[in-house]
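# Coordinates in review
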Amino acid sequence: MTERILIIGAAGQIGSELCIELRSLYGTENVIASDINLLNEDLVKAGPFEIIDAKNFDQIKDCVEKHHIDTVYLLAAMLSATAERLPQQAWDLNIDSLFHVLNLAKDGIIKKVFWPSSIAVFGPSTPKINTPQNSIMEPTTVYGISKQAGERWCEYYHKRYNVDVRSLRYPGIISYKTSPGGGTTDYAIDIFHKAISDNHYNCFLEADCTLPMMYMDDAVAAAIQLMKADGEKLRIRSSYNLSAVSFSPSQLAAVISKHIPNFSIDYNPDFRQRIAESWPDSIDDTVARKDWGWQHAYDLETIATLMLNGISKMYNNQQTF
Ligand code: NAD
């Protein structure tokens with residue numbers, strides 16, 4: 001029988017694109033999208049959709065039972081920059097929702113869970129270059145603390161209750177189809193929009209603030225590949241380091257300038273600079289590459305071309321890059 005999938009937080013940046021890909025693989029009727037509201041009209045119209053508050057165990061359980069769900073992708077979360085403004089709400093959402101889904105798996109009501117972690121689990125005391133899979137983890141943000149705790153719980157539920165939970169430490173995800181949800185790496189998306197609309201970008205990070213990043217198609221492919229992998233081969237049940245590209249705002253601006261010669265950028269760092277400084281510059285994902293064959297496909301030049309062309313088309317701009 002075909003796998004039946006529920007995506008919680010499906011209307012967001014990652015969920016909206018993951019949903020399309022999962023539906024093309026498993027069939028539209030077998031992938032139930034859910035979110036806390038109906039704001040993403042395209043998603044609501046495209047296939048089965050339910051309103052679920054990820055903090056509400058009964059709502060998740062009812063939906064799982066109604067649709068005979070085997071696998072849950074839990075994407076609802078409060079991201080790094082927003083979480084610094086609303087620490088208690090961030091903790092409640094990020095942790096309660098994870099417990100609800102892990103407990104459904106522990107009770108045998110669902111079989112498999114995907115839950116994304118983040119490079120935010122690392123902190124200022126972590127080695128910054130090629131951060132290894134196992135390293136010092138002293139996150140200084142609410143978001144990072146919630147993701148680190150979440151990772152520990154995933155591993156605990158796997159070891160103690162044999163829950164099949166799989167996780168990736170995503171870097172900043174770059175895409176244009178849905179707006180980003182309030183993360184520190186959002187600049188690497190905003191910059192493309194402003195490059196096209198204004199030829200200018202006012203950056204909230206310092207010029208040389210290097211961060212690990214990834215194109216959306218790689219992020220979606222990684223989640224699906226990990227979920228399809230042979231569970232016996234997965235040595236990591238906390239969360240896998242995952243890497244594609246690393247660059248700073250000035251390096252990204254230089255690539256954009258090749259396409260838009262009169263593009264200019266200013267740097268006016270705000271509170272997000274401190275968050276970014278606490279994260280690694282680059283990530284060593286050797287273990288993911290070994291265990292389940294992870295390989296990224298998109299480099300910085302390709303990402304920039306795809307972003308500029310995609311956004312240009314969205315604005316009905318005739319320009320191609
Ligand atoms: P997003 O903010 O774009 O989307 C999150 C979605 O969750 C939104 O549609 C929102 O409406 C929904 N949501 C919020 N509260 C909810 C609730 N109580 N119940 C149900 N839904 C609720 O986030 P995203 O960028 O798509 O991230 C998805 C996951 O990936 C998160 O766990 C995030 O921490 C992780 N992640 C994202 C990035 C990135 O760069 N986007 C990087 C690392 C990790």
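What this report covers is the structure whose coordinates are included nearby. (Residues numbered from 1 in each chain as written. Predicted model: local features only at pLDDT ≥ 70, side-chain atom pairs only at ≥ 80, totals over all residues. Heavy atoms only, no water.)

With respect to the helices and strands, the residue Thr141 is situated in the loop between strand S6 (117-118) and helix H6 (142-161). Within the local environment of Thr141, its side chain forms a polar contact with the backbone nitrogen of Gly144, the two atoms lying 2.9 Å apart. Not counting chain neighbours up to four residues away, the residues in contact with Thr141 comprise Glu84 and Ile275. (Helix = DSSP H or I, 4+ residues; strand = E, 2+ residues; numbered from the N terminus. Polar contact = N/O pair within 3.5 Å; in protein donor to acceptor, adjacent residues only side chain to side chain. Contact = heavy atoms within 4.5 Å.)

Moving on: the layout of surface pockets. Considering only enclosed or pocket space, the largest pocket measures out at about 1000 Å³ in volume. Taken together, 48 residues line the largest pocket, and the ones lying closest to its centre are Leu75, Ala76, Ala77, Leu79 and Gly181. For the lining of the largest pocket, the secondary-structure elements that each account for two or more residues are helix H1 (13-26), helix H4 (80-85), helix H5 (87-106), S6, H6 and strand S9 (172-174). Looking at the lining of the largest pocket element by element, the count peaks at four residues for H5. Per-class residue counts for the lining of the largest pocket are 24 nonpolar, 19 polar and five charged. Looking at the second largest pocket, its volume works out to about 240 Å³. As for the second largest pocket, its lining consists of Ser16, Glu17, Cys19, Ile20, Arg23, Asn40, Asp42, Leu43, Ala46, Lys177 and Thr178. Elements with a minimum of two residues in the lining of the second largest pocket: H1 and helix H2 (41-46). Considering each element in turn, the lining of the second largest pocket owes the most residues, five residues, to H1. Of the residues in the lining of the second largest pocket, the class split is four nonpolar, three polar and four charged. (1 Å grid on protein atoms, 1.4 Å probe; cavity = no way out; pocket = protein on both sides within 12 Å on 5 of 7 lines; lining within 4 Å. Points joined across faces, edges and corners; volume = space filled by probe spheres on them. Nonpolar A, V, L, I, M, F, W, Y, C, P; charged D, E, K, R; others polar.)

Let us look at the nonpolar core. In this structure, Tyr187 and Phe192 are the most contacted members of the largest nonpolar core, which totals 70 residues. Residue contributions to this core reach at least three from each of two domains, namely domain 1 (5-171 + 214-241) and domain 2 (173-213 + 244-314). Setting aside residues up to four positions removed in sequence, Tyr187 forms contacts with Tyr201, Cys203, Phe204, Leu205, Met213, Phe247, Ser248, Pro249 and Leu252. Core analysis: the next-biggest nonpolar cluster, separate from the first, contains 37 residues, Val31, Met216, Ala219 and Ala229 among them. (Core = buried A, V, L, I, M, F, W, Y, C linked by side-chain atoms within 4.5 Å. Buried < 20%, exposed > 50% of the residue type's maximum accessible area, 1.4 Å probe, protein only. Domains from an automatic or database assignment.)

Tracing the backbone shows Ala288 in helix H11 (residues 286-292). Judged by its relative accessible area of 0%, Ala288 falls in the buried class. A C-alpha to C-alpha distance of 8.9 Å links Ala288 and Leu226, two positions 62 residues apart in sequence. When residues no more than four places from it in sequence are discounted, the contact partners of Ala288 are Tyr240, Asn241, Gly293 and Trp294.

Along the chain, Ser282 falls in the loop between helix H10 (271-277) and H11. Owing to a relative accessible area of 14%, Ser282 belongs among the buried residues under this scheme. Residues within four places of Ser282 in sequence aside, it is in contact with Lys128, Ile129, Asn130, Thr131, Pro212 and Ser246.

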